[in-house]
Amino acid sequence: MILEILVYPHKLLREKSKDVTAFDSTLHTLLDNMYDTMVFKEGIGLAAIQVGFPLNALLINLVDEEGLQKKENLYEILNPEILEKDGAVVYQEGCLSVPGYYDEVERAAHIKLAYYDRYGQRHEEEFRDLMAIAVQHEMDHLRGHLFIEKLSYLKRKKFEKEWKKKQKEKA
Ligand code: QAP
Ligand code: CO
């Protein structure tokens, strides 16, 4: 099932998500629906709050060397916690909740993450490159933050101006 994606400046996007406590069929259905929605909207990452559920749940599904997005490469990450991080990397980010806008953001280049899968099994895993960036981007959603909040003052002003113009054009 395809869910509606909340778009900036929807106020729910600022809400702090809560830990998943029930690793049951209701959670599995939500994760399945989030996956369908993410693929339909041509995203590589999605947090539950972006479809209106304030749960510490996120998906990441990067494309492989051939540019294909395969479900076997899907990460379902619940109740994540960054144990270690180091380095710095800048990447041109986008977000399904800020469609059509992309800008450079700096994040840690390498992270060590603890998380749970859909069955409640705990994992510890190290990530780098795009996967590390995606995890940090999605974890910001869990705390009610968007990548545009990390822009410089001038870039943020440029964004707000472009966004207002776009809303007017749509109206
Ligand atoms: C988060 O972002 C992310 O503007 C996932 O019109 C960002 O999937 C992970 C998208 C950067 C790693 C690096 C954005 C789709 C998708 C748009 C996305 C759009 C259509 C964004
Ligand atoms: Co996002």
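Residues numbered from 1 in each chain as written. Chains lettered and ligands numbered in written order. Predicted model: local features only at pLDDT ≥ 70, side-chain atom pairs only at ≥ 80, totals over all residues. Heavy atoms only, no water.

Caption draft 1: Molecular detail of the coordination of the cobalt ion (ligand 2). Cys95 (SG), His137 (NE2) and His141 (NE2) make up the full set of protein donors to the cobalt ion (ligand 2), lying at 2.0 to 2.3 Å. On the primary sequence, the residues serving as donors to the cobalt ion (ligand 2) are separated as C-x41-H-x3-H. In this pair, Cys95 sits in the loop between strand E4 (89–93) and strand E5 (103–107) while His137 sits in helix H2 (residues 129–142), placing the two residues 42 residues apart along the sequence. Both residues of the pair, Cys95 and His137, belong to the buried class. (Donors = N, O, S within 2.8 Å, 3.2 Å for Na, K, Ca; no water. Helix = DSSP H or I, 4+ residues; strand = E, 2+ residues; numbered from the N terminus. Buried < 20%, exposed > 50% of the residue type's maximum accessible area, 1.4 Å probe, protein only.)

Caption draft 2: Seen up close, the packing of aromatic side chains. Counted by the stated rule, this structure contains six aromatic pairs. Geometrically, the ring pair formed by Tyr101 and Phe159 is edge-to-face, given 4.7 Å between the ring centres and 70 degrees between the ring planes. In this pair, Tyr101 sits in the loop between E4 and E5 while Phe159 sits in helix H3 (residues 153–170), placing the two residues 58 residues apart along the sequence. Each member of the aromatic cluster is reached from another via a ring pair, and the members are Tyr8, Tyr101, Phe159 and Trp163. (Phe/Tyr/Trp six-rings, centres within 6.5 Å; stacked < 30°, edge-to-face > 60°.)

Caption draft 3: Layout of the side chain of Glu93. Mapped onto the elements, Glu93 comes out in strand E4. A relative accessible area of 4% places Glu93 in the buried class. A distance of 2.8 Å separates the side chain of Glu93 from the side chain of His137, its partner in a polar contact. With residues near it in sequence (within four places) discarded, Glu93 still touches Tyr101, Tyr102, Asp103, Val105, Arg107, Ile133, His137 and Phe147. (Polar contact = N/O pair within 3.5 Å; in protein donor to acceptor, adjacent residues only side chain to side chain. Contact = heavy atoms within 4.5 Å.)

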